[in-house]
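If you want the building blocks of each chain, they are given just below.
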Amino acid sequence: MSPQNHKNNLTPKNMESNGYSTGKIMAKEARNHSSPCESMDSMPWFGMDIGGTLCKLVYFEPKDITRDEANAEVETLKNIRRYLTKNSAYGKTGHRDTHLQMNNVRIRGRQGTLHFIRFPTSEMGNFLALAKSKGMANLVTTVCATGGGAFKFEDNFKKEVNMNLAKFDELHSLIRGMLYIETTNPHECYYWSNPTDNSKCQKVPYDFSEPYPFLLVNIGSGVSILAVYGPENFKRISGTSLGGGTFLGLCCLLTGCNTFEEAIELATGGDNTKVDKLVKDIYGGDYGPFGLPGDLVASSFGQMNSKDRRNTVTKEDLARATLVTITNNIGSIARMCAVNEKIERVVFAGNFLRVNPISMKLLAYAMDYWSKGTLKALFLEHEGYFGAVGCLLQFNGESS
Amino acid sequence: MAAEIDGEHSHPQCIKLPPAVEVFANLKNAQTFAIDIGLSLTKIAYYSTISYRKALYEDAEGLGNSGERAYKVFEGSRLHFVKFETRYIENCLDFVKKNLVDVERFHGKSIKVTGGGAFKYTPLLQEKLGLLVDKEDEIDCLIKGCNFLLKNIPCEAFEYHRHANPEYKFQKAEPNIFPYLLVESDEVFERIGGTATGGGTFWGLGSLLTKRKGFDELLQLAERGDHRNVDMLVKDIYGGDYSSQGLPGELIASSFGKAVACGQPKFSEADLARSLLITISNDIGHIASLYATVYNMDKIYFGGYFLRNHPLSMHTISYSIKYWSHDKVKPLFLRHEGYLGAIGAYLYGTEQSDKYSWLENYAGSSGFNDSVPTDLGMKIDQLEIDQAEYIVTFCPLLKDPASYNPDTTDLAQDKEARDYWLQCFEESVDKFVARAIHSQPHSPTAKDRGSKLKEKYINRLHYLHTQPVAYGALTVRILLDTIEHCMKEFDFPDPYLHQKKKENEEALRHLHDRITTLDKLEGAEKIKALILGVLSGNIFDWGAKDVAKLLETTDFGFKEAQTKIPGRPWLEDNLDDWIHRLQNGQPHKCAAIFVDNSGVDIILGILPFARDLLQRGTKVILCANSLPALNDVTYPELVVTLRDAAKICNVIKQALEDNTLIAMETAQAGPCLDLSRLNLDLCLAMVKHNVDLIVIEGMGRTLHTNFHAKMKCDCLKLAVVKNRWLALRLGGDMYAVICKYEPSKTKIYDIGIKSKTIGDKKTIEDCPSMYKTDNGNVQMR
């Protein structure tokens, strides 16, 4: 998304003003879950990450409610809990990713379950209407939010559901959330073994207990690339506007599809070699002098300037080519950033990777092949939710 | 190799074109071929000998007698590059086959082939020309071609600044070209890495997303579009800037992000094309800057089909590079980027290439982005590069070779000057052509050639009017050089030969009197008279329109000229400093004098001046053009003139015998002086004789060029401004005087040029300039 290469400019002072205690304590707390118990008063606990395409909502459902608390709990709060946890679809476009649900987590002394919900940012109006209908306006005054939408929709939240948004920096939340989930969920981090061989290829858990330094490539609508040296020590070193939004936008234009899931499904059945020009299409085989394999894409969409070829390709082929183009490009940029920063582990996150093993395997292969095995591509189960989780962790009942 | 002939030499068969541009010129004699077959464009390179006539000064026996005998035919070498769309490759090969003399001589020989189409077209090449295909690596060829161009072609590389004045900022001839990064954006394979996102992606996706199917159509469409309707900007997500990360709201967050399930599209095809162009440019720029960072380089040269010097794509790439590299990396483009592979392939197939200096032939090359229609039903571009007869290098006494720019005015930037000079040259061309035809009274074809020359030159001027940067920087020097290239091209080797001879002979008759007059003077008076003599002599310039009229119509002599010199103070007047220097300083060890016109100028102006220096104990190297330009003294002419002057003046006679007066050639072929391309032998002599004074004479050499040139040693620049417009512009009037004396402030020492001998030719080790400076060694790879 952006090329700026500078340190995160959040100062401890303004973090505190955002209801953030201090980094060290929070990080420690995230690891040993031993901070004092918090009351129900500040509930419900939400973390929200409003991106360019998707809005991610993380909800903490307390499971350790005492009888006294239950008696004291207002009806609205119960209704909201019931509504969120009993359904996995909200309206036409809201989804709860039940497979990502995390039980028995402790946050600020409370035991409970984390729920992961997403809906298109374009549905923000409907979301606010729904929240209003559930009586949210009567409950909390402050919700923690990050992502661009936290700024863009701030007025709407205030006006429609009487909510103040406590805004947190996107990248900071991302890293906090990622570190928390990674330590909480033993199978969070994994890699793909044998990415080029479908029969042998599988997810293998990766021990990420000594994480630093690592490169974090967050692929949302656009891409941010962060070099992370410690929980509070990171910088955004690069980014590109060719991200998930580009994939979906191009796919919509090229195939007439409407959703990410459709686009991925089309791509799964397609063949990009009907669309791209490969090294072997130019050289008849491998390009010896530079060790470029014949199957390597030399020119993305390189065959599509021919009318005949255009007439024979399918929607599926086009979707696949789009996916491969975007993925390989991100791979190249990430790889060079890793080389520049002298970092060997590259963690890919973001909702572009959701239901998208094709891209993950491509990235895994590209990192390994072009670095001659020195770079390792790592992936995370909760792909796109770290920003929202990071936000939730920063929630402080007293903030307003 | 020279053979004397009587008649005209005939031009080899070539395709004749309306604006007198020949395509596949000199094909008949073609020797070595190389070909770069790209997916879209093919470039054929061939080396050919060209015969041209040189006028022989000594044998020019006056007009009308055996005057035509005063020519000898020489063989020069020229590299020809022809670029056309790959789909016409078969027609072109047929044409080549048909026009090659004795095509069988190529059977069994090999041709260097590179490019993505090398594989596909191998059988065709073998079938058509009987040549064995010898594939050469594409990247190696690109790099070799790039080095060759940067080293040999002035103004090859440029920066592009859209809507700035000037838009094109050309790089000076540079002693340091390495290291750099080359990005070829056709099918992008760089030496160090690559991306599959390139021109093919733009074309392919563009064809899918819009109804436009041609590459250029897509680029045109992109000119009209607005990417903000298609791309998701930071402000679309944040509502404004993302200030905590310093990302402005206008920045693209997600390319094509607004095209997601849009229902009713709010964007046009033009918007899509624009967005696509920006997406791909940004991406190439991003990846190239990352490579530049990894490999620690600050210059990136771009080439390839995607750019083809198209302003919009150059603009977007430049923007992207500067953005991603935080202005640390300079994006550069090449005027002849399309020829890199073909040049490289050619160089791999030959051994002689790198030993010589080469020159762009302005007469035979089509301009920047300028295709020429042909009889073959397709458009082609072409480039001709002449093998220089001399090895050239930077003048060893230039203060800062890296920043040296010969030209005083950039006409591309200065519209007023451009309009004036283009107009001025257009008005002068009739005179030049008449003189050229007149110089060959016995030739039945002279008139025809003359009118073709005129047509070509005028076409060129008109073209430059609309495309000022078609041949790199546009300067008075280039306009003058183009005349000389055209003269040579149309076989008018030295139109002023007889005029020069006549004037030299006439002036020699007055030399004795002139010397006697001067010798009556002493001290400051004499120094001043000598300078006035040089200035008066400098008025005799057939290149200056107004003076030429004067010379033609009146009995204008040295005395008349002296009266034209205005009173002091002059426009540039350091005469007193010069006098002070000569009277109070140590005599100079050696002076290099760059001379201007024949006749009165050299004989009554320069020779007495040189004689005085000799008498002061200063050695003198007289530096004259190697090839004719207007009525400028040429080296062969200078040798004869000195021999004749020695019969009149004992000082000159003795100095020639003692080798304290030396005539040398500059390797220049125009009325200006490019000190970055000076004859190597002269440079070596300047070092050997410890030149500590440089005298440059004439408008072309001190005003159009070198006016701002700084030397390590004392430098005296003398000229009379014989152009009213220019004089007024400089703040003077007609015949305004430039007498600019710039004493050296530092002691010069430790100057050296290395040279080594290859065969019987001297050459400089693999670089245009290798010299030591006061700061230490400047060394190149």
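All figures in this text were calculated on a predicted structure; none of them were measured in a lab.

How each quantity is defined
- Residue positions are given per chain, counted from 1 along the sequence in the order it is written.
- Each chain takes a letter, starting from A, and each ligand takes a number, starting from 1, following the order in which they are written.
- Local features in a predicted model are, by the rule used here, given only for residues with pLDDT of at least 70; side-chain atom pairs are given and counted only at 80 or more, and totals for whole chains, interfaces and linings are based on all residues.
- Here the side-chain values reflect all heavy atoms present in the structure, with hydrogen atoms and water set aside.
- Secondary structure follows DSSP: runs of H or I at least 4 residues long count as helices, runs of E at least 2 residues long count as strands, and numbering of each begins at the N terminus.
- Throughout, exposure labels follow a simple rule: accessible area from a 1.4 Å probe, protein chains only, divided by the maximum for the residue type, with under 20% read as buried, over 50% as exposed, and the rest as partly exposed.
- What makes two residues a contact is simply this: any of their non-hydrogen atoms within 4.5 Å.
- Each accessible area value is a Shrake-Rupley result obtained with a 1.4 Å probe; residue values ignore everything except the protein chains displayed when judging cover.
- pLDDT expresses how confident the predictor is about each individual residue, on a scale running from 0 to 100.
- Boundaries of every domain are those given by an automatic assignment or by a domain database.
- Values labelled buried area give the accessible surface lost by two parts on being combined, using a 1.4 Å probe and summing over both.
- By definition, two strands form a pair when at least two bridges between them are found by DSSP.
- Throughout, an axis means a line fitted to C-alpha atoms (over the contacting stretch in the case of helices), and angles, computed between N-to-C directions, take values from 0 to 180 degrees.
- Note that the term roughly parallel is reserved for angles under 35 degrees, roughly antiparallel for angles over 145, roughly perpendicular for angles of 65 to 115, and oblique for everything else.
- Take the far helix as the reference: if the near one is turned anticlockwise from it by less than a right angle, the crossing is left-handed, and if turned clockwise, right-handed.
- Residue classes follow a fixed rule: Ala, Val, Leu, Ile, Met, Phe, Trp, Tyr, Cys and Pro count as nonpolar, while Asp, Glu, Lys and Arg count as charged, and any other residue, Gly among them, counts as polar.
- Among buried residues, those of type Ala, Val, Leu, Ile, Met, Phe, Trp, Tyr and Cys that are joined through side-chain atoms within 4.5 Å constitute a nonpolar core.
- Within this document, salt bridges are pairs made up of a side-chain nitrogen of Lys or Arg and a carboxyl oxygen of Asp or Glu, the two lying within 4 Å of each other.
- Pairs of N or O atoms within 3.5 Å make up the polar contacts considered here, provided that, within protein, one atom can donate a hydrogen while the other can accept it, and that residues adjacent in sequence are counted only when both atoms are side-chain atoms.

1. Overview of the overall build of chain B
The helix and strand inventory of chain B stands at 23 helices and 28 strands. Buried residues in chain B amount to 63% of all 781 residues. In chain B, the proportion of contacts linking residues at least 24 apart, taken out of those at least 6 apart, comes to 73%. Split by element, the accessible area of chain B, about 29,300 Å² in all, is 49% carbon and sulfur.

2. A word on the confidence of the model for chain A
Within chain A, residue pLDDT values average 84, and 86% of them lie at 70 or more. This model gives residues 1–35 of chain A a pLDDT under 50, and the stretch forms 86 contacts once residues within four places in sequence are excluded.

3. Examining the domain arrangement of chain B
Residue and element names in this part refer to chain B. Taken domain by domain, chain B consists of domain 1 (27–153 + 341–388), domain 2 (188–230 + 267–334), domain 3 (415–490) and domain 4 (496–742). One C-alpha centre belongs to domain 3, the other to domain 4; they are set 27 Å apart. Contact with domain 3, which involves 16 residues of that partner, is made by 21 residues of domain 4. For the pair domain 3 and domain 4, the summed buried area comes to about 1,700 Å², and 61% of that belongs to carbon and sulfur atoms.

4. Side note on the sheet that holds strand S19 (residues 619–624) of chain B
All names here are of chain B. Read across the sheet, seven strands follow the order S17-S24-S23-S22-S18-S19-S20 without closing on themselves; strand pairing throughout is mixed. Whereas interior strands pair on both sides, the edge strands pair on one side only; in this sheet they are strand S17 (572–573) and strand S20 (661–665). Examined bridge by bridge, strand S22 (residues 693–697) and strand S23 (residues 714–721) share five bridges and lie parallel to one another. The partner of Val695 across the bridge, within S23, is Leu716. Against the sheet, helix H19 (residues 635–646) touches S19 and S20, its axis set at about 160 degrees to S20.

5. Regarding the packing of helix H13 (residues 497–519) of chain B against H19(B)
Residues and elements named next belong to chain B. In the contact formed by H13 and H19, the axes pass within 11 Å of each other and the chain directions differ by 25 degrees. Here H19 runs roughly parallel to H13, going by the angle between their axes. Taken as a pair, H13 and H19 cross one another with a handedness that is right-handed. Here Lys500, Asn504, Leu508 and Leu511 of H13 come into contact with H19, specifically with Glu637, Thr641, Asp644 and Ala645. The class makeup of the residues in the contact of H13 with H19 is three nonpolar, two polar and three charged.

6. Here's the deal with the nonpolar core
Among the nonpolar cores identified, the biggest contains 107 residues, and B:Trp421, B:Leu479, B:Ile531, B:Trp578, B:Ile593, B:Phe609 and B:Leu622 are the most heavily contacted of them. With ten residues, helix H18 (residues 600–615) of chain B is the single largest residue contributor to this core. Both domain 3 (415–490) and domain 4 (496–742) of chain B contribute no fewer than three residues apiece to this core. With near-sequence residues (within four places) excluded, B:Trp578 lies in contact with B:Ile527, B:Ile531, B:His588, B:Phe609, B:Leu693, B:Leu716 and B:Tyr741. A:Ala227, A:Leu248, A:Ile264 and A:Ile333 belong to the second largest nonpolar core, which has 47 residues in total.

7. Let's talk about the confidence of the model for chain B
Residues and elements named next belong to chain B. Overall, the prediction assigns chain B a mean pLDDT of 81, with 84% of residues at 70 or greater. When the criterion is pLDDT under 50, residues 62–67 qualifies, and its contacts beyond four places in sequence or with other chains add up to nine contacts. Under a pLDDT of 50 for its full length, residues 185–192 has, in the predicted model, 40 contacts with residues more than four places off or in other chains. The ipTM value of the predicted complex is 0.84, and its pTM value is 0.75.

8. Section: the interface of chain A and chain B
Taken together, the contact between chain A and chain B spans 63 residues of the former and 58 residues of the latter. Where chain A abuts chain B, roughly 5,000 Å² becomes buried across the two surfaces, and 65% of that area is made up of carbon and sulfur atoms. On the surface where chain A and chain B come into contact, there are zero salt bridges. Summed over the shared surface of chain A and chain B, the result is twelve residue pairs in polar contact (both at pLDDT 80 or more). Of all elements in the fold, only helix H6 (148–152), helix H8 (170–184), strand S14 (233–240), helix H9 (244–255), helix H11 (279–283), strand S16 (297–299) and helix H13 (315–341) of chain A reach the threshold of two or more residues within the side of chain A that touches chain B. At nine residues, the largest contribution of residues to the side of chain A that touches chain B is made by H13(A). Looking at side-chain class alone, the side of chain A that touches chain B contains 26 nonpolar, 30 polar and seven charged residues.

9. Some remarks on the domain arrangement of chain A
Residues and elements named next belong to chain A. The domain boundaries assigned to chain A delineate domain 1 (45–177 + 387–394) and domain 2 (189–275 + 313–380). Between domain 1 and domain 2, the C-alpha centre-to-centre distance is 28 Å. At the junction of the two partners, domain 1 supplies nine residues and domain 2 supplies 13 residues. Carbon and sulfur atoms make up 65% of the area that domain 1 and domain 2 hide from each other, which totals about 1,000 Å². Contact with domain 2 buries surface across domain 1, with Leu171, Leu174 and Ile175 losing the most and accounting together for 51% of the total. Where domain 1 packs against domain 2, one counts one salt bridge. Of the charged contacts, one joins Glu261 and Arg118 as a salt bridge, the two residues approaching to 3.7 Å between their closest N and O atoms. Summed over the shared surface of domain 1 and domain 2, the result is two residue pairs in polar contact (both at pLDDT 80 or more).

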